[in-house]
Structures are given as structure tokens and as C-alpha cells.
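Fold and geometry: a report
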Amino acid sequence: IQSSYKPKTVKRKIASLRAFFNNLVFEGLLDENPLVRINLRFREPFVLPKTIALSDVQKIFEVLYSELECKSLLSVNNYEVIIRDIAILELLFSTGIRISELCSLTVSDINLITGVVTIHGKGAKERLIYIGNKNVVVKVPPVAPPASNPIAVNVLGTKNIKIKHIKYPGKA
């Protein structure tokens, strides 16, 4: 069975069979689960996450900054959206934070003077990340919204951006 299926598939099939036999035992159709004694443990191959090519990242930034340079052609709303997108991407690439951490950032978490971002990560852990690229700090417009405001907001500026909207843009 291991030769014709991937390890995750085999584990899922075994779990299904165990659950099925446990149900048969519960219903009284079997005295014991025959899979209880079988210990099937095997390693799954470690799959590295896919990365974006540096040339693609450069193209993304080139497009965003070229749109930003045409400020006179943009509406105020579109200009703010482009600034938001640039800030999000610059933060992601310069700090390496997770998308979920970016979505939970508030204005009070970023100190533009020192270039320090306070990240509230998994398991209620807090860590400090320095923005390595000083251009990121320079490009963020000096706005003074309330400290509890989220950094990544939707187009209307009313709600925090959801993780799915950053991972899969264009999908609702």
C-alpha cells in the first residue's frame, strides 16, 4: 500500500479503517479492533514551502512603485491602496513575518523611529523584529491614526485584512 500511495494518503486510509473498526466494536459486531495491534509508523518526506523567485518580487515592486509615481492619475482611494500594498509587501519581505502576524499588527506595534516591529506570534509569544531595509521606514507615510488601528486594512479602511485575502488575492 505504501508503494502506490503517498504517506499522507496511507495515514488517512489507516485512520479511516481504525475508525471503521472502532465503530464495529462499538456496535457490538466485533469483539476487538484488529488494527489496535498494528503499529504502522513511517516518516513523511519533509516538503519545503514554495518560494517566489527574486525576479518576480522585483517585478511586483516595480509595478507598484511605477503606479505610485503616477500619483496625479490616481484617485485618493487608489493611492492609499497602493501605499497599503507596498507597506504590506515591504514588511513581509524585509522582516520575514508570517502573514497571520502581519494581519494582526496594529499601529502601536511599529516604531518608525527605531525601525522595530513588535510581533505577537503563535502561542501568545512576543518578539521584536528590526526592519532591515531603511527604505521601508522612509516609504511608510507619517500618519498618526489611533494606536489600536490595524496596519493591514481593507480598501474601505474599515476592517482588518483577512489572511486569505493576502494569500489568495482576488478570491472572496
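In this report, the structure presented in the accompanying data block is examined.

This model, assessed by the stated rule, comprises three aromatic pairs. Here F61 and Y65 contribute two aromatic rings whose centre-to-centre distance is 6.2 Å and whose plane-to-plane angle is 25°, an arrangement assigned as stacked. Residue F61 and its partner Y65 are located together in helix α2 (residues 54-69), separated by four residues, close to a single helical turn. Taken individually, F61 and Y65 each receive the classification buried, so the pair is uniform in this respect. The exposure class assigned to F61 is buried, which follows from its relative accessible area of 13%. A network of ring pairs unites the aromatic residues F61, Y65 and F93 as a single cluster. A cation over a ring is seen here: K13 above Y5, with NZ or CZ 4.9 Å from the ring centre.

With that settled, the discussion passes to the side chain of T118. In this fold, T118 is placed in strand β2 (residues 116-120). T118 sits in the buried class, given a relative accessible area of 18%. Every residue in contact with T118, bar those within four places of it in the chain, is listed here: L105, D109, E126, R127 and L128.

Glancing now at the environment of Y65. According to the relative accessible area criterion, Y65 is buried, its value standing at 18%. For the pair Y65 and I82, spaced 17 residues apart in sequence, the C-alpha to C-alpha distance is 8.4 Å. Within the structure, Y65 has its side chain in polar contact with the side chain of E90 (distance 2.6 Å).

Strand pairing in a sheet takes place through backbone hydrogen bonds and is either antiparallel or parallel in direction. Spatially, β1-β2-β3 is the arrangement adopted by the three strands of the open sheet, whose pairing is antiparallel. What marks the edges here is a single partner per strand, and that holds for β1 (110-111) and β3 (126-130). The pairing of β1 with β2 spans two bridges and is classified as antiparallel. By the bridge assignment for β2, N111 is matched with V116.

Our next topic: α2. Helix length check: α2 (16 residues) gives 22 Å between terminal C-alpha atoms against 22 Å at 1.5 Å per residue, within 8%. Taken together, the buried positions of α2 are occupied by V57, F61, L64, Y65 and L68. Taken around the axis of α2, the buried residues stretch over an arc of 95°, which confines them to a single face. Residues of α2 that are exposed and point over 90 degrees away from its buried face: K59, E62 and E69.

Spanning 21 residues, helix α1 (residues 7-27) covers 30 Å between terminal C-alpha atoms, matching the ideal 30 Å at 1.5 Å per step. Here α1 has its buried residues at T9, V10, I14 and L24. With its buried residues spanning 130° around the axis, α1 presents them on a single face. Those residues of α1 that are exposed and aimed more than 90 degrees away from the buried face are K8, R12, F26 and E27.

Next up on the list: the pairing of β2. The two faces of a sheet get side chains in turn, since along a regular strand they alternate between them. Most of β2 is tucked away: four of the five residues are buried. Hairpin connection of β1 to β2: four residues between the antiparallel strands, including G115 at a positive phi of 75°. Sheet topology note: the β2/β3 ladder contains five bridges and is antiparallel. Across the sheet, the residue bridging to H120 is E126, located in β3. Count of turn residues in the β2/β3 antiparallel hairpin: five residues, of which G123 carries a positive phi of about 65°.

Moving on, we get to the nonpolar core. Counting eleven residues, the largest nonpolar core is built from I88, L91, L92, I97, L102, L105, I110, V117, I119, I129 and I131. Those elements that provide at least two residues to this core are α3 (76-95) and β2. Tallying contributions element by element places α3 first for this core, with three residues. Counting residues in hydrophobic clusters, the runner-up holds eight residues, among them F61, L64, Y65 and I82.

The rules behind the values
- For every chain, the first residue of its written sequence is number 1, and the numbers climb from 1 along that sequence.
- Totals for whole chains, interfaces and linings use every residue, but because this is a predicted model, local features are given only for residues with pLDDT of at least 70 and side-chain atom pairs only at 80 or more, for both listing and counting.
- Where side-chain values are given, they derive from all heavy atoms of the structure, hydrogens and water being excluded.
- For Phe, Tyr and Trp, where Trp contributes only its six-membered ring, two rings pair if their centres lie within 6.5 Å, and the inter-plane angle classes them as stacked under 30 degrees, edge-to-face over 60, or tilted in between.
- Where helices and strands are cited, they refer to DSSP runs of H or I of at least four residues and of E of at least two residues respectively, numbered from the N terminus.
- For every residue, the accessible area obtained with a 1.4 Å probe (protein chains only) is divided by the maximum for its type, and the residue is called buried under 20%, exposed over 50%, and partly exposed between those limits.
- Whether a charge lies above a ring is judged from NZ of Lys or CZ of Arg, which has to be within 6 Å of the ring centre and within 35 degrees of the ring normal.
- Every residue pair with non-hydrogen atoms within 4.5 Å of one another is taken to be in contact.
- Side-chain atoms alone can form a polar contact between residues adjacent in sequence; in general such a contact is a pair of N or O atoms within 3.5 Å, and within protein one must be able to donate a hydrogen while the other accepts it.
- At least two DSSP bridges between two strands are needed for those strands to be called paired.
- Helix span, expected: 1.5 Å multiplied by one less than the number of residues in the helix.
- Working note: the arc is built from the helix axis to C-beta atom directions.
- Here, nonpolar core means buried Ala, Val, Leu, Ile, Met, Phe, Trp, Tyr and Cys residues that are tied together by side-chain atoms lying within 4.5 Å of each other.

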